Amino acid sequence: MSAALRNPMPLWGLYFLLLVAMFATPLSNLSFLLWIIAPLLALTIRNSARKEGLEDEAQHASWIMGSAGLFLLLVFLLIGGMATASSTLIGAESQQRINEISAAMSQQQMPWKDAFVQLLEVQGVKGMILICAGGLLLSVLWPLQRILQGMVALKMQVAPRRISTGGKLLTLLLAVLLAGQTPVMLNWTTGPRNLRHCLRLAGVGHILSARALLDRLEGSGLREAAGEAGAAWLPLEDVAASLSPCLRLEAACRAFLSMAGLEGCAVPRKLSPLAAILFTSGSSAAPKGVPLSHDNILANCRDVAAILALDSHDAMLAMLPPFHTLGLTGNIVLPLCFGVPVVFHANPTEGARLDAVCHQWRPTLLVAAPTFLDGMLRQARPGDLTSLRVAFVGAEACPQRLYDDFARLSGGGLLCEGYGVTECSPVISLNLPGDARAGTIGRPLPSVRTAIVSVQEPRRRLAAGETGLLLVRGPNVFGGYLGQGSDDGPASPFLRLDGEDWYCTGDLVRADGGGHMTFAGRRERFV
């Protein structure tokens, strides 16, 4: 392997050239020099990387070469041409005003929208239209460049303080996936023993967390348990402070280039086949690792979104933790995929605060466990919950009292109960608005197939009204537990029926003639 490829500095150097091309003072000689060097250097590194079999480095160099040769080359040539003609085309007085607007943007004294309006006033509509028959822009790139500088400065100063806890979690989740890794969602409330077991089972080497949580865990034994499992705690605040300027520069350049349409600068060639690894509750035995693929979770999201008929006026109140599969799918992935605004609150047990959040932000959708919804309903004041049109509950039986209280406090909102398990990403069945039946867990989702069979061998399908074991097939069903098939690993949860493998939920249900199912308990309580 060549020394140049062992050291990532050549790629960082290319990213630096691109950043200079986008934001440095445009000098004609420098512009030509940069845009001759950058593509040639990228081409050299790409060819060398391919000879060495380093496909990732070759791909990065290709993206740099393409962006330099097509997108940024055109922009910089326009800026370079503008630098020599700006005083003639714009005029000294207008140029001074443009500089004042740009300076105000850079110092965060003027919103970018106001800056754009003022630039229109200074240069007129013709001067702001990106026109050139030969492919050259005449009068706007220089002020545009300065505005971009101000926008970047504004973003870097304001954004970190405005991101909510849920937004930080979402950013972290996407960052792990874009790094080609698999997020492992850990439930720190299950105690040191279960945490140590989960870390070893999933082979976790680093735990990404926040210093506030680590301080809260002091004396709980969880930090020591992670060390015994060979995992190191990484407070994100400390990691961010330790990033080198080169890494920050590379990240900034990749972000800008990906937003310009060059997604390969940020998205790896091969993502992890798993979207996340979660764990069962571990209430009766050691937690089992549940790897869920991207297809598993997205299939569940497509089904739920299709039957809910989401529209542009919907917004969601999210409270469930991400280590709960309903929290991951329902509160994070679903709204992200379908553009539903979300207001996050980290603690689902704070009923009064959730009521206040709902009163302030006026969400229309709620996903919760009945226990958490009960806490909200008990402490809600008149008007707090009137924006909610639908609330979906699961994970435990929902008493009739909650149906009545929710309808009263929400002003006629509908409470829909559903059923699911971690292994099915998680929703299996759901009561739909307009077809909800209190006391049932609804009908199976569109892509989900279910079978109710006898508890005892040989398995046989049961008729409507008979109570039996629930089996599930569909694209939302996982492929098997971590360690399944090993000597000390969990047994396979799949049963063979009619020549197909079905996931056995271990739950007893019965279905009426219309397909609505009623939960009847766990199998272990009856055998």
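Coordinates for the structure precede this section.
This text gives an overview of the structure that appears in the document. (Residues numbered from 1 in each chain as written. Predicted model: local features only at pLDDT ≥ 70, side-chain atom pairs only at ≥ 80, totals over all residues. Heavy atoms only, no water.)

## Comments concerning the overall build of the protein chain
- In terms of helices and strands, the protein chain carries 18 helices and 16 strands.
- For the protein chain, buried positions account for 44% of its 527 residues.
- Of the contacts made within the protein chain by residues no fewer than 6 positions apart, 64% connect residues no fewer than 24 positions apart.
- Entry remark: accessible area of the protein chain is about 26,300 Å², with carbon and sulfur atoms responsible for 59%. (Helix = DSSP H or I, 4+ residues; strand = E, 2+ residues; numbered from the N terminus. Buried < 20%, exposed > 50% of the residue type's maximum accessible area, 1.4 Å probe, protein only. Contact = heavy atoms within 4.5 Å. Areas by Shrake-Rupley, 256 points an atom, 1.4 Å probe, with all protein chains shown as cover.)

## Points about the pairing of strand S3 (residues 274–279)
- Extensive coverage of S3 is indicated by the burial of 5 of its 6 residues.
- Examined bridge by bridge, S3 and strand S4 (residues 289–293) share 5 bridges and lie antiparallel to one another. Of the residues in S4, the one forming a bridge with Ile277 is Pro291. (Pairing = 2+ DSSP bridges.)

## So, the packing of aromatic side chains
- A complete count under the given rule lists 5 aromatic pairs for this structure.
- Ring centres of Phe494 and Tyr503 lie 6.1 Å apart, and the angle between their planes is 70°; on these two criteria the pair is classed as edge-to-face.
- Judged by relative accessible area, which is 3%, Tyr503 ranks as buried.
- Counting every residue linked through ring pairs, the aromatic cluster contains Phe478, Tyr481, Phe494 and Tyr503.
- The ring of Tyr481 is capped by Lys288, whose NZ or CZ atom sits 5.4 Å from the centre of that ring. (Phe/Tyr/Trp six-rings, centres within 6.5 Å; stacked < 30°, edge-to-face > 60°. Lys NZ or Arg CZ within 6 Å of the ring centre and 35° of its normal.)

## Here we look at the side chain of Asp384
- Examined against the element boundaries, Asp384 turns out to sit in the loop between helix H17 (370–379) and strand S8 (390–393).
- On the basis of relative accessibility, which here comes to 2%, the residue Asp384 falls in the buried class.
- Reaching out from Asp384, the side chain makes a polar contact with the side chain of His359 at a distance of 3.3 Å.
- Among the polar contacts listed, one links the side chain of Asp384 to the backbone nitrogen of Arg381, at a separation of 2.9 Å.
- Residue contacts for Asp384: discarding those within four places in its chain leaves Asp355, Cys358, His359 and Arg362. (Polar contact = N/O pair within 3.5 Å; in protein donor to acceptor, adjacent residues only side chain to side chain.)

## Remarks on the pattern of salt bridges
- All chains considered together, the criterion is met by 17 salt bridges.
- Asp384 is the salt-bridge partner of Arg381, the closest N and O atoms lying 3.6 Å from each other.
- What makes Arg381 exposed here is its relative accessible area of 53%.
- Each of Asp374, Arg378, Arg401, Asp405 and Arg408 takes part in a single network of salt bridges with overlapping partners. (Salt bridge = Lys/Arg side-chain N within 4 Å of Asp/Glu carboxyl O.)

## As for the layout of surface pockets
- Taken as a whole, the second largest pocket spans an internal volume of roughly 270 Å³.
- Along the wall of the second largest pocket there are 16 residues; nearest its centre are Leu174, Leu177, Ala275, His294 and Val333.
- If you list the elements that add at least two residues to the lining of the second largest pocket, you get helix H8 (165–178), S3, helix H14 (294–308) and helix H15 (325–338).
- Tallied by class, the residues present in the lining of the second largest pocket amount to 15 nonpolar, 1 polar and no charged. (1 Å grid on protein atoms, 1.4 Å probe; cavity = no way out; pocket = protein on both sides within 12 Å on 5 of 7 lines; lining within 4 Å. Points joined across faces, edges and corners; volume = space filled by probe spheres on them. Nonpolar A, V, L, I, M, F, W, Y, C, P; charged D, E, K, R; others polar.)

## Considering the sheet that holds strand S7 (residues 365–368)
- Strand order in the open sheet formed by 7 strands is S6-S5-S7-S8-S9-S10-S11, and the pairing between neighbours is mixed. The outermost strands of the open sheet, each flanked by one partner alone, are strand S6 (342–344) and strand S11 (443–444).
- In the sheet, S7 pairs with S8 via 4 bridges, with the strands oriented parallel. Bridging from a neighbouring strand, Leu366 pairs with Ala391 of S8.
- Sheet strands in contact with H15 are strand S5 (316–318), S6, S7 and strand S10 (427–430), and its direction is about 140° off that of S5. (Axes fitted to C-alpha atoms, helices over the stretch in contact; angles between N-to-C directions.)

## Overview of the pairing of strand S9 (residues 414–420)
- For S9, a buried count of 5 out of 7 residues is recorded, marking the element as mostly surrounded by other parts of the structure.
- Note that S8 and S9 share 4 bridges and pair parallel. In the strand pairing of S9, Val390 is matched with Leu414.
- Chirality of the crossover, the property in question, places the unit of S8, helix H18 (residues 400–409) and S9 among those that are right-handed.
- In the sheet, S9 pairs with S10 via 3 bridges, with the strands oriented antiparallel. In the strand pairing of S10, Tyr419 is matched with Ser429.
- Hairpin connection between S9 and S10: a loop of 6 residues separates the two successive antiparallel strands, and Ser425 in this loop has a positive phi of roughly 75°. (Right-handed = clockwise from strand over helix to strand, strands pointing away.)

## Focus: the environment of His516
- Within the secondary structure layout, His516 lies in the loop between strand S15 (500–511) and strand S16 (517–522).
- Here His516 falls in the buried class, since its relative accessible area comes to 2%.
- Counting along the chain gives 80 residues from His516 to Ala436, while the straight-line C-alpha distance between them is 9.1 Å.
- Excluding its chain neighbours within four sequence positions, the residues that come into contact with His516 are Asn431, Asp435, Arg437, Thr440, Gly442, Arg443, Arg510 and Ala511.
- Side-chain polar atoms of His516 contact the backbone oxygen of Asp435, separated by 3.1 Å.

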